[in-house]
Amino acid sequence: MKLEIRNARVVDPQSGRDENTTIHIADGRIASLGAAPDGFRAERTIEAKGLVACPGLVDLSARLREPGFEYRATLESEMQAAVAGGVTSLACPPDTDPPLDEPGLVEMLKRRAGSLMRSRVFPLGALTLGLKGEKIAEMGQLAEAGCVAFFQADAPLTDLNVLLQAMRYAATFGHAVWLRPQDSHLAHGGVAHEGEVATRLGLPPLPAVAETVALHAILELAESTGARVHLARLSTARGVALVAAAKARGLPVTCDVGVHHLHLCDRDAGDFNAHMNLVPPLRDPSDRDALRRALADGTIDAVCSDHTPVDDDAKLVPFGEAEPGATGLEVFLPLVLKWGAEMKLPLATTLAAATSRAAAVLGIEAGRLAPGSPADLCLFDPQCPWVVTREALASQGRNSPFMGLELTGRVTTTIVDGRVVYPG
Amino acid sequence: MSANLQLDSQGRLVHLLTTEGLPRSLILHILDTAAQFVSVNEREVKKVPLLRGKSIFNVFFENSTRTRTTFEIAAKRLSADVINLNIGSSSTAKGETLLDTVWNLQAMDADMFVVRHAEAGAPHLIARHVKPGVHVVNAGDGRHAHPTQGLLDMYTIRHYKQDFSRLVVAIVGDVLHSRVARSQIHALTTLGVPEVRVVGPKTLLPKDVERLGVRVFHDVAAGLRDCDVVITLRLQNERMSGPLLPSAGEFNKTYGLTPEKLALAKPDAIVMHPGPINRGVEIDSGVADGTHSVIMPQVTFGIAVRMAVMAILAGNDR
């Protein structure tokens with residue numbers, strides 16, 4: 001299939017290129033930008049005046065809910081949500097039921113996802129067997145089955161010796177270890193950031209030290225083992241400072257932030273809105289602002305949707321009993337654009353946080369829009385306003401803190417491997 | 001914060017969920033109405049027909065004989081039909097959600113729900129999902145609020161001290177877990193009490209509590225000095241030892257209200273407690289049964305205040 005995209009504003013975050021030009025696609029790759037290659041004859045032309053063309057988004061965390069949680073969402077619905085959101089590559093965490101701790105499960109997931117012909121799926125294997133934090137998982141065989149890194153997800157890992165050995169083992173083979181920094185004893189029972197709002201609402205508090213104490217331990221172990229460590233979903237200003245200091249002394253750590261945490265804070269849960277019950281909890285406005293700055297200055301490597309579809313019933317309960325998480329894939333791009341605009345960043349810099357920089361964390365060939373790179377693209381109308389409604393979402397998860405609110409920027413076309421996968 | 005949910009567009013009370021955000025005039029209206037019911041309760045026939053034909057459901061997802069009984073008496077003295085449901089925590093075990101339970105009861109033509117729940121915000125959720133004209137009274141949700149208790153405490157303070165604008169009030173003990181303390185703090189600051197103190201160890205005071213408008217004291221002597229009102233909070237059994245406190249005995253020594261400590265307060269200070277009391281833990285018998293104690297009048301006024309809240313809610317239908 002030879003495809004031509006005319007008159008788009010082409011943005012390549014990797015190079016910073018930002019110009020109106022024509023994209024030529026052949027054999028699943030970008031053949032050229034500007035002049036057509038010799039003998040190129042497009043089988044299909046997309047007129048893209050007024051649209052931005054950028055590399056498809058790379059999402060470091062999207063829960064697809066299979067296997068085990070099909071009542072919340074299915075692979076079909078969530079892969080459709082991914083392409084509707086312009087996401088062409090996504091990493092899925094291992095906290096399925098059963099968890100992704102067996103090569104067979106990973107192969108099955110990859111095969112099922114592949115047959116849907118939507119986004120590329122990069123499973124994150126369980127770091128420990130059953131995510132129980134007791135025995136390390138078969139990383140070698142899981143990597144062979146397609147896992148790109150090993151993640152403990154939100155499951156506690158209280159035994160630091162297990163973590164030490166998991167890091168040593170992973171470092172032996174160069175596997176990346178992903179951890180969401182949270183001390184489970186300090187976090188115990190907490191559902192809201194420890195501060196004025198939790199005090200006012202009487203919600204069990206989850207202190208910021210739950211994150212920073214865990215970070216200290218992880219960073220020490222990373223330094224001692226030489227493991228490649230990725231820190232998922234930072235939520236505190238002090239946490240950001242710890243990672244910045246670790247990077248400054250040369251530790252090979254990377255980190256990410258969930259897109260909702262760039263825009264929301266604990267005040268937003270002020271009327272017990274269960275949609276604001278997220279993991280990690282929404283924290284103080286000063287934490288949110290630190291996360292926004294750190295993503296802009298590169299201390300935080302990438303932003304992710306942290307897509308977590310939850311069924312309606314699991315949110316129609318008191319705040320503390322609600323299943324945490326928010327649907328993210330389809331609000332990802334507009335929320336990234338909103339952050340970039342508010343931070344007054346050039347569009348290429350804004351998009352890098354959700355494309356090239358995320359691809360670098362995963363170590364995959366993605367996030368570029370240049371001759372020779374995979375033809376994974378997203379076309380979007382940067383001015384298009386739309387209201388987040390149940391009907392507007394392809395995801396089965398309608399759990400959005402932004403429900404009923406207007407966002408700006410909507411994907412019109414998504415291309416994976418040179419094929420138009422959205423719409424259609 | 002929840003002002004919009006509990007008030008209608010004319011500022012009338014449609015639910016009582018929290019004392020936070022209740023206008024001063026409305027709190028005073030509740031207290032004034034309660035004063036009328038206090039005299040009803042002193043009559044031989046303690047019954048008025050204000051809520052005749054109304055069905056009030058006491059829905060308790062957390063057991064409490066005492067609070068439920070006071071609501072039941074209040075509703076009966078207003079001639080309402082009262083149905084008590086002690087659901088405990090078993091409803092979710094049976095697979096029925098909180099809202100399913102409420103919707104089922106609503107289908108039985110409930111006019112008012114009195115709700116107690118272990119989770120903060122549960123009554124808000126219910127208030128958001130009941131039909132117009134159905135009222136929700138929060139009888140205690142997690143650590144969040146217990147507004148009728150807060151209001152009966154205001155009634156008691158006004159009864160003994162008249163003027164709120166010159167008082168020093170100390171709330172002593174486990175503020176962290178106390179919905180009563182939160183409801184008292186919001187009511188006291190709204191009524192213009194110039195100094196509200198919270199007194200306790202750092203493990204039992206919630207973070208940033210001073211932002212609710214209180215002064216924080218860890219030293220009990222400093223905290224009690226020259227107080228007009230001393231409110232001691234119940235210390236739950238499960239919190240008497242563990243990570244928050246070494247022992248009930250040590251708590252009694254440091255923060256328990258003894259006659260010696262009470263002597264630091266003003267000579268005419270009153271002592272309050274939301275009950276049930278732990279003698280020898282947060283309060284000594286000598287104080288609880290002493291001349292400064294108004295713990296029993298609190299219980300008596302509690303009936304009148306709950307009658308007032310229900311009557312005002314039902315009256316706003318017309």
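The structure displayed is predicted, hence computed values, not measured ones.

Student: Tell me about the overall build of chain A, and please be specific about residues and values.
Tutor: The number of helices and strands found in chain A is twelve helices and 18 strands. A globule of 424 residues ought to have a C-alpha radius of gyration of about 22 Å, and chain A, at 21 Å, matches this closely. Split into buried and exposed, the 424 residues of chain A put 61% on the buried side. Pairs at least 24 residues apart make up 73% of the contacts formed inside chain A by residues separated by at least 6 positions. By element, 49% of the accessible surface of chain A is carried by carbon and sulfur atoms, the whole surface being about 15,100 Å².

Student: Break down the packing of aromatic side chains for me, with residues and values.
Tutor: All names here are of chain A. The full count for this structure, using the stated rule, is six aromatic pairs over all chains. Each ring, one from F69 and one from Y71, has its centre 6.3 Å from the other, and the planes form 70°; the classification is edge-to-face. Note on F69: relative accessible area 17%, which makes it buried. The side chain of R65 reaches across the aromatic face of F69, ending 5.6 Å from its centre. In this structure, R410 packs its charged tip against the face of W386, placed 4.0 Å from the ring centre.

Student: Before we move on, can you summarise the interface of chain A and chain B with the specific residues and values?
Tutor: Put simply, an interface is often sized by how much accessible area is lost when its parts join up. Chain A puts 20 residues into the contact, and the matching count from chain B is 23 residues. Counting the surface lost from both chain A and chain B, the interface buries some 2,000 Å², and carbon and sulfur atoms represent 60% of this. Taken as a group, T199, R200 and F272 of chain A account for 33% of the area that chain A buries against chain B, more than any other trio of residues on that side. The tally of links from chain A across to chain B stands at two salt bridges.

Student: Lay out the side chain of E282 of chain B in plain terms, naming residues and giving numbers.
Tutor: Residue and element names in this part refer to chain B. In this fold, E282 is placed in the loop between β9 (270-272) and α12 (285-288). Buried and unpaired, E282 has R234 as its nearest opposite-charge partner, separated by 5.2 Å. At 2.8 Å, the side chain of E282 forms a polar contact with the side chain of H273. Residues in contact with E282, not counting those within four places in the same chain, are T232, L233, R234, L235, F251, Y255, G256, L257, H273, P276 and I277.

Student: An account of the sheet that holds strand β2 (residues 81-86) of chain B is requested, with residue identities and associated values reported.
Tutor: Residue and element names in this part refer to chain B. In space, the four strands of this open sheet follow the order β2-β1-β3-β4, with parallel pairing throughout. Only two strands of the sheet have a single partner each, and these edge strands are β2 and β4 (135-141). Put simply, the sheet's adjacent strands are angled 15° from each other on average, direction ignored. In this structure, strand β1 (residues 55-60) lies alongside strand β3 (residues 112-117), joined through five bridges in parallel fashion. Across the sheet, the residue bridging to N58 is V114, located in β3.

Student: Describe the domain arrangement of chain B, and please don't skip the residues or the numbers.
Tutor: All names here are of chain B. Splitting chain B by domain gives domain 1 (3-146 + 299-315) and domain 2 (147-294). Computed from C-alpha coordinates alone, the two centres of domain 1 and domain 2 are separated by 25 Å. Opposite the 35 residues of domain 1 that make contact, domain 2 presents 26 residues. Taking both partners together, domain 1 and domain 2 bury about 2,500 Å²; carbon and sulfur atoms supply 65% of that area. Together, R143, H146 and F301 form the three largest contributors to the area buried by domain 1 at its contact with domain 2, with a combined 29%. Our enumeration of links across domain 1 and domain 2 arrives at two salt bridges. If you look at where domain 1 meets domain 2, you find ten residue pairs in polar contact (both at pLDDT 80 or more). Counting only elements with at least two residues in the side of domain 1 that touches domain 2, the list comes to α2 (24-41), α3 (65-77), β3, β4 and α13 (295-315).

Rules behind the numbers
- Residues numbered from 1 in each chain as written.
- Chains lettered and ligands numbered in written order.
- Predicted model: local features only at pLDDT ≥ 70, side-chain atom pairs only at ≥ 80, totals over all residues.
- Heavy atoms only, no water.
- Helix = DSSP H or I, 4+ residues; strand = E, 2+ residues; numbered from the N terminus.
- Rg over C-alpha atoms; globule rule 2.2 N^0.38 Å.
- Buried < 20%, exposed > 50% of the residue type's maximum accessible area, 1.4 Å probe, protein only.
- Contact = heavy atoms within 4.5 Å.
- Areas by Shrake-Rupley, 256 points an atom, 1.4 Å probe, with all protein chains shown as cover.
- Phe/Tyr/Trp six-rings, centres within 6.5 Å; stacked < 30°, edge-to-face > 60°.
- Lys NZ or Arg CZ within 6 Å of the ring centre and 35° of its normal.
- Buried area = accessible area lost by both parts, 1.4 Å probe.
- Salt bridge = Lys/Arg side-chain N within 4 Å of Asp/Glu carboxyl O.
- Lys, Arg positive; Asp, Glu negative; His and termini not counted.
- Polar contact = N/O pair within 3.5 Å; in protein donor to acceptor, adjacent residues only side chain to side chain.
- Pairing = 2+ DSSP bridges.
- Axes fitted to C-alpha atoms, helices over the stretch in contact; angles between N-to-C directions.
- Domains from an automatic or database assignment.

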